Amino acid sequence: MPEPTFDPSATTAAAREATRNAHAHSAVPTIVVVGHGMVGQRFLEALADRGLTPAAGAARVVVLCEEPRPAYDRVRLTSYFAGQSPEDLSLVEADFMDRHGIELHLGDPATGVDRAGRTVTARSGAVFAYDTLVLATGSYPFVPPVPGKGARGCFVYRTIEDLLAIEEYAKGAATGAVVGGGLLGLEAAGALKGLGLATHVVEFAPRLMPVQVDEGGGAALLRTVQDLGLTVHTGVATQEVTVGGDGAVTGMALSDGSSLAVDLVVFSAGVRPRDQLARECGLAVGERGGIVVDEECRTSDPAVFAIGECALAADGRVYGLVAPGYEMARAAAEVIAGGRSAFTGADLSTKLKLLGVDVASFGDAHGSAEGALDVVYSDARAGVYKKLVIGRDGTLLGGVLVGDADQYGTLRPMTGAVLPVAPEQLVLPAGSGGGPVALGPSALPDEAVICSCHNVTKGAICEHTALPEVKKCTKAGTGCGSCLKVIGQLMPPPADAGLCGCFPYSRSELYEIVRTLEVTSFAELLDSHGREEARGGDGCEVCKPTVGSVIASLAPTVGASGYVLDGEQAALQDTNDHFLANLQRNGSYSVVPRIPGGEITPEKLIVIGEVARDFGLYTKITGGQRIDLFGARVDQLPLIWTRLVDAGFESGHAYGKSLRTVKSCVGRTWCRYGVQDSVRMAIGLELRYRGLRSPHKLKSAVSGCARECAEARGKDFGIIATAQGWNLYVGGNGGATPRHADLLAQDLSDAELVRLIDRFLMFYIRTADRLERTSAWLERIDGGLEHVRDVVVHDSLGLCEELERLMADHVAGYRDEWAETINDPDRLRRFVTFVNAPDAPDPSVRFVPERDQIKPDLELLAGPVLAVRTLEGTAS
Amino acid sequence: MTTATFTTGRGTGTGRVRLAHGEDWLSVCDRALLTPGRGVAVLLPDGDQAAVFTDRAGRVYAIGNRDPFTGAYVLSRGLLGSAGGRPFVASPLLKQRFDLATGVCLDDEGAAVPVFAVRAD
Ligand code: SRM
Ligand SMILES: Cc1cc2nc3c(=O)[nH]c(=O)nc-3n(C[C@H](O)[C@H](O)[C@H](O)COP(=O)(O)OP(=O)(O)OC[C@H]3O[C@@H](n4cnc5c(N)ncnc54)[C@H](O)[C@@H]3O)c2cc1C
Ligand code: SF4
Ligand code: FES
């Protein structure tokens, strides 16, 4: 902390008074922070880390915040539209200000700075004396000076308040336009589309995201963005916003003479540093804006610092990204605390998911260095574009990845190093000769920066052995999250691969134990193979369902009951399996009858409609080509299923870790392109594998030709018809970590196809971990796809006969769980809400109307809704 | 509602399960209706709900049925387990675990559910 150089002779009377007041209250120096955005908050945290807080008795800290709420995650602003509340986006722990004694003034911006008197005046009239002033005022969205820009229906996209206003106005609008096709513009366009507006993007440059991606990347991006239903206009400028008699937007006139009829316009044409306060008090600002600072983030007045987007850094750049701002916050705090630090510049690498499309650029993405060579792979049809910029000496200078940015995490830290393999091998897609080579993080040097948000190197990460520890000690992974995958790969596998606190064995080891020793009881397994301290106990919520599933998978083979709710098995099942239905947030259940291949007769459709009507259930077509009936009470489940079973329906196992659906396209029977009967095959497969218990849910699909309308490559096992037969793909996944399935074998006959799937599934069930989808399993096991192919196609382990027999046992032993339940009074007994009042309906399950159906009465479920503990804990 | 649980006996499956409610012992159900490792819900005279469990050793426990994290009355449908010899139930919704003897949430010290005294003859 520099000695306060306080000179009363140079101040005005009022300020002198205020200053004296302030100093009278505390003998410690006062730090005033203007702006409580992302960087302002990070600066406060950096002060706290260095003990420079009122609570530590070292300083008075005053924060002036213009917005009505404390700092929030502007980077994730758009997730507000995905259901995140403003509170979810907050960056400030509830008691942060109190704990550190920091004075935060919400909704009270600074209006003037008196540098001579060292005071800041706020809009409320309050005056604050400072010894050190930190400006963290961020940017404002630039709105081009076109006529009509201020009309009702024109917005910018920067704050939560902006989003609230857009959301409100969009209710009365049908069409929207975003001016600007950069990173933020596309994000805003995605948001408008999500609000149900037909959406245009108008970009002055000849391509989208001109700053981040090059021409080829722009083309791939354009294609994908158009496929999402946005209308893109590049190479044209907005000349005027046309306004109707009521003062509201009616359209836009473009520079190519065309016009667009739109109800709502969002300007996203770049940002400008908010340097007005600095200008007015005579601090040096750059020609094109930005408060001039040196490497210590000090402005032309040594008592004033500027950090974040409002600063013009020592390298002559204004950074519009959060990571460099965080670096500045850290540097400034260090300097103010009396240490030494410098911000000399940062790299502009970014990885984002825009409208669901991965886009990443890093290093010298435009290949501007002399003699640089581009290695490019481009597949406009698939919307994939990858470019690596290689220097003359073979070093990686930078790159652009569009559509598939999985390699970003490993490539970015290699910038500046010579690649260990030929660059082409890194950009070619899977399945093409020679590529791709997966470059593991083990190839990275220790100095490689893995987390660019927090500037954490591989070396620093590898000092820790578990992710939570890494996050806590280095902050790596707590920003944009794009580095998490690589961090995970750097962590050593846990010393004890045991399933949980009760068993020292993995799921696949338990499978082998159950299979070879023919164990049929959980208690027996726990007492013979559990950890010493867990024997005789009750197990836990992890091992009980896992062992339950293993015993169920092997039931016909080891001689256990095939019915998952018999005897001790009942106590092992998650609540969904226990009631053969899916628990919903208000304690009611959903009912999903199986509709194999998505094919259903009008009669059966009518039965579903009648059942839903008679029981007042909410009805929705699922993403799996079938129908979900929501809102049933426990005691209604048997009555509902009696009607469904009578009409020929079976359980759809939506609740189990088991086969879900085999989706199908309509195929050759109707479709002019179809080459095989995909519906027949899908129904056959769904009936064959229904009820099969597995480590995680299993999904499948069959497409009638290469157009792939059934999305088979997004499934655990997907089948695509060829003129000669069927191609089998395995290891696909939608969900949180999508993966395209890999080709296992081609041009198979019906019988060959079924045999291969039998073996594949049984090999997976035998060797996968708990809650490991086939995609993750395939990536994890030694040898990957090649190994699986050796085992199930070439029978390299001599297992195939047994795998086929296990599946034959399953197929022969299958019985519909619901039919078995409703025909057995003993099994029906569990379906009551209250053990002491079997006839009383659950008073806590109540509904309110919405869009002519019901929805849970959430008022009734008062109490905070907390975040999901783990994704893997969910029921399906 | 009391804040301590006391359990008796490791009965063989006959007899009644009773729950302390105000001054009275509310008769809940036959012991035989309880499946070790699972729970049942009980409607209390005041409209509130309790969740009653029995573990592998035959001990009986009762806590409030309302999951404080979601507001739903579902704890009776969770899986019972034991950690360090202490029994818990994992909520079937978001999987937070509650100690059956104290009602305290093992995953979030700030949360707890009420505990009822139970008796199993
Ligand atoms: C009903 C449905 C949404 C809809 O209204 O369309 C749905 C609903 C649920 N999904 Fe799903 N998923 C549904 C299709 C999908 C699809 C699309 C598909 O299958 O083609 C996917 C992506 C494909 C995939 O799985 O690879 C999907 C990916 C997930 C995931 C993420 C899985 C992953 O590997 O990342 C979960 C979470 C999990 O399993 O851990 C999930 C979990 C869930 C659960 C079970 C969450 C829970 O435990 O409460 C939801 C409750 C269902 C219920 O009935 O109560 N659901 N879910 C769809 C039911 C399909 C069906 O008929 O069986
Ligand atoms: C939709 C969106 C998506 C983004 N995505 C990314 C991304 O993926 N990656 C990335 O790196 N960056 C992204 N950014 C940019 C990132 O949000 C900014 O770089 C970051 O917020 C800058 O932090 P800051 O503190 O400098 O400015 P801000 O967060 O803007 O904070 C400045 C604060 O100062 C306040 N203020 C201004 N003047 C005064 C005054 N006189 N008195 C008091 N308070 C004042 C403002 O109201 C504001 O709250 C995105 C931005 C937006 C809007
Ligand atoms: S995948 Fe082929 S056969 Fe099936 S519906 Fe699409 S175009 Fe037709
Ligand atoms: S790179 Fe953003 S959190 Fe690590």
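Residues numbered from 1 in each chain as written. Chains lettered and ligands numbered in written order. Predicted model: local features only at pLDDT ≥ 70, side-chain atom pairs only at ≥ 80, totals over all residues. Heavy atoms only, no water.

> Can you tell me about the overall build of chain B, naming the residues and giving the values?
A tally of regular secondary structure across chain B gives zero helices and 10 strands. Along chain B, helices (α) and strands (β) appear in the sequence β-β-β-β-β-β-β-β-β-β when read from the amino end. Considering chain B as a whole, with its 121 residues, one finds that 55% of them fall into the buried category. Accessible area for chain B stands at about 4600 Å²; split by element, carbon and sulfur atoms hold 51% of it. (Helix = DSSP H or I, 4+ residues; strand = E, 2+ residues; numbered from the N terminus. Buried < 20%, exposed > 50% of the residue type's maximum accessible area, 1.4 Å probe, protein only. Areas by Shrake-Rupley, 256 points an atom, 1.4 Å probe, with all protein chains shown as cover.)

> Before we move on, could you go through the overall build of chain A and cite the residues and values that matter?
Counting its secondary structure elements, chain A contains 28 helices and 38 strands. Looking at the 876 residues of chain A, the share that counts as buried comes to 53%. Sequence-distant contacts in chain A: of pairs separated by 6 or more residues, those separated by 24 or more amount to 61%. Counting every atom, chain A has about 36700 Å² of accessible surface; 52% of that belongs to carbon and sulfur. (Contact = heavy atoms within 4.5 Å.)

> Lay out helix α15 (residues 522-529) of chain A in plain terms, naming residues and giving numbers.
Residue and element names in this part refer to chain A. Those residues of α15 that fall on the buried side of the exposure criterion are Phe522, Ala523, Leu525, Leu526 and His529. The arc that holds every buried residue of α15, seen down its axis, measures 165°, which confines them to one face. Those residues of α15 that are buried lie in contact with α14 (507-517), α16 (543-553) and α18 (569-572). The N-capping residue of α15, defined by a side-chain oxygen 3.3 Å from the backbone nitrogen of Ala523, is Ser521. (Arc of directions from axis to C-beta. Polar contact = N/O pair within 3.5 Å; in protein donor to acceptor, adjacent residues only side chain to side chain.)

> So what's going on with the sheet that holds strand β6 (residues 127-129) of chain A? Residues and values would help.
Residues and elements named next belong to chain A. Pairing is antiparallel across the open sheet formed by three strands, whose spatial order is β4-β5-β6. Since the sheet does not close on itself, it has two edges, and those belong to β4 (110-114) and β6, each with one partner. Sheet twist, expressed as the mean angle between neighbouring strand axes with direction ignored, is 20°. The pairing of β4 with strand β5 (residues 119-122) spans four bridges and is antiparallel. Counterpart to Asp114 in the pairing with β5 is Thr119. (Pairing = 2+ DSSP bridges. Axes fitted to C-alpha atoms, helices over the stretch in contact; angles between N-to-C directions.)

> Lay out the pattern of salt bridges in plain terms, naming residues and giving numbers.
Residues and elements named next belong to chain A. A full pass over the atoms with the stated rule returns 54 salt bridges over all chains. A salt bridge links Asp635 to Arg633, with the shortest nitrogen-to-oxygen separation between them at 3.0 Å. Classification of Arg633 by relative accessible area gives partly exposed; the value is 22%. With its nearest N and O atoms 3.1 Å apart, the salt bridge here joins Arg680 to Asp750. In this pair, Arg680 sits in helix α22 (residues 678-689) while Asp750 sits in helix α23 (residues 750-767), placing the two residues 70 residues apart along the sequence. Each of the salt bridges in this network shares a partner with another, and the network as a whole consists of Glu512, Arg515, Arg766 and Glu802. (Salt bridge = Lys/Arg side-chain N within 4 Å of Asp/Glu carboxyl O.)

> Tell me about the sheet that holds strand β4 (residues 49-54) of chain B, and name the residues and values.
All names here are of chain B. Pairing within the open sheet is antiparallel, and its four strands lie in the order β3-β4-β5-β9. Each having just a single partner strand, β3 (39-43) and β9 (115-116) make up the two edges of the open sheet. Relative to strand β5 (residues 60-64), β4 runs antiparallel, the two being bridged by five bridges. When the sheet's bridge partners are listed, Thr54 is paired in β5 with Val60.

> Give me the lowdown on the confidence of the model for chain B, citing residues and values where you can.
Residues and elements named next belong to chain B. Confidence in the prediction of chain B, expressed as mean pLDDT, is 84, and 88% of residues score 70 or more. When mean pLDDT is compared element by element in chain B, β5 scores highest at 95, while strand β10 (residues 118-120) scores lowest at 87. Counted against residues more than four places away or in other chains, residues 1-13, with its pLDDT under 50, gives 31 contacts. As scored by the predictor, the complex reaches a pTM of 0.53 and an ipTM of 0.68. (pLDDT = per-residue confidence, 0-100.)

> Which residues make up the UniProt feature "binding site: siroheme" (unreviewed entry) in chain A, and what values go with them?
Residues and elements named next belong to chain A. Residues annotated in UniProt with the feature "binding site: siroheme" (unreviewed entry) correspond here to Cys709. Its place among the elements puts Cys709 in the loop between β33 (698-703) and β34 (717-721). Once residues lying within four places of it in the same chain are set aside, the contact partners of Cys709 are Cys665 and Ser703. (UniProt positions renumbered as here; feature names shortened; annotations may be inferred.)

> How would you summarise the site of ligand 3 if you had to cite specific residues and measurements?
Lining the immediate surroundings of ligand 3 are Cys665, Gly667, Cys671, Tyr673, Gly674, Gly704, Cys705, Arg707, Glu708 and Cys709 of chain A. Along the lines of polarity and charge, the residues of the shell around ligand 3 split into five nonpolar, three polar and two charged. (Near = heavy atom within 4 Å. Nonpolar A, V, L, I, M, F, W, Y, C, P; charged D, E, K, R; others polar.)

> Please set out the interface of chain A and chain B residue by residue, giving values where relevant.
The extent of an interface is frequently quoted as the accessible surface area lost upon association of the parts. Contact residues are listed per partner, giving 46 residues for chain A and 38 residues for chain B. Here chain A packs against chain B, burying approximately 3200 Å² in sum over the two surfaces, 56% of which is carbon and sulfur. For the pair chain A and chain B, the interface holds three salt bridges. Seen at the junction of chain A and chain B, the total is 14 residue pairs in polar contact (both at pLDDT 80 or more). Of all the elements in the fold, those that place two or more residues in the side of chain A that touches chain B are α15, α16, α18 and α19 (575-579) of chain A. Considering only residue class, the side of chain A that touches chain B consists of 23 nonpolar, 14 polar and nine charged. (Buried area = accessible area lost by both parts, 1.4 Å probe.)

> So, the packing of α23 of chain A against helix α26 (residues 800-813) of chain A: which residues are in play, and what are the values?
Residues and elements named next belong to chain A. The geometry of α23 relative to α26 is characterised by a closest axis approach of 8 Å and an angle of 90° between their N-to-C directions. In terms of orientation, α23 lies roughly perpendicular with respect to α26. Contacts between α23 and α26 pair Arg755, Asp758, Arg759, Leu761, Met762, Phe763 and Arg766 from the former with Cys800, Glu802, Leu803, Glu804, Leu806 and Met807 from the latter. (Parallel < 35°, antiparallel > 145°, perpendicular 65-115°, else oblique.)

> Run through the pairing of strand β31 (residues 627-632) of chain A, naming residues and quoting values.
Residue and element names in this part refer to chain A. Summarising burial for β31: six of the six residues are buried, a large majority. Sheet topology note: the strand β29 (residues 589-591)/β31 ladder contains three bridges and is antiparallel. Its bridge partner being in β31, Val591 is matched across the sheet by Leu629. As judged from the four bridges shared by strand β30 (residues 618-621) and β31, these two strands associate in the antiparallel manner. Bridged to Tyr618 within β31 is Phe630. Hairpin connection between β30 and β31: a loop of five residues separates the two successive antiparallel strands, and Gln625 in this loop has a positive phi of roughly 60°.

> Lay out unusual backbone geometry in plain terms, naming residues and giving numbers.
All names here are of chain A. The backbone of His653 shows a phi angle near 50°, a positive value even though the residue is not glycine. Examined against the element boundaries, His653 turns out to sit in the loop between α21 (637-646) and β32 (659-664). Positive phi values are uncommon outside glycine, yet Glu711 reaches one of about 60°. Of note, Glu711 is situated in the loop between β33 and β34. Judged by its relative accessible area of 48%, Glu711 falls in the partly exposed class.

> Which residues make up helix α8 (residues 322-336) of chain A, and what are the values?
All names here are of chain A. Between its first and last C-alpha atoms α8 spans 21 Å; for 15 residues at 1.5 Å apiece the expected length is 21 Å, and the two agree. In terms of burial, α8 is a largely internal element, 12 of the 15 residues being buried. Where α8 is concerned, the buried positions are Ala323, Pro324, Gly325, Tyr326, Glu327, Met328, Ala329, Ala331, Ala332, Ala333, Val335 and Ile336. Buried residues belonging to α8 abut β1 (30-34), α2 (38-49), β7 (132-135), β19 (304-306) and β20 (311-312). Gly338 occupies a position one or two residues after α8 and carries a positive phi of about 95°. (Expected span 1.5 Å × (residues − 1).)

> Lay out the nonpolar core with the relevant residues and their values.
All names here are of chain A. Of all hydrophobic cores here, the largest spans 64 residues; its most connected members are Phe503 and Leu728. If one sorts the elements of this core by residue count, α23 sits on top with nine residues. Here this core spans two domains, since at least three of its residues come from each of domain 4 (505-572) and domain 6 (657-813). For Phe503, the residues in contact, after removing those within four places along its chain, are Gly498, Leu510, Phe522, Leu525, Leu526, His529, Gly530, Arg531, Cys543 and Val547. Counting 56 residues, the second-largest nonpolar core is a separate cluster that includes Ile31, Val63, Val120 and Ala306. (Core = buried A, V, L, I, M, F, W, Y, C linked by side-chain atoms within 4.5 Å. Domains from an automatic or database assignment.)

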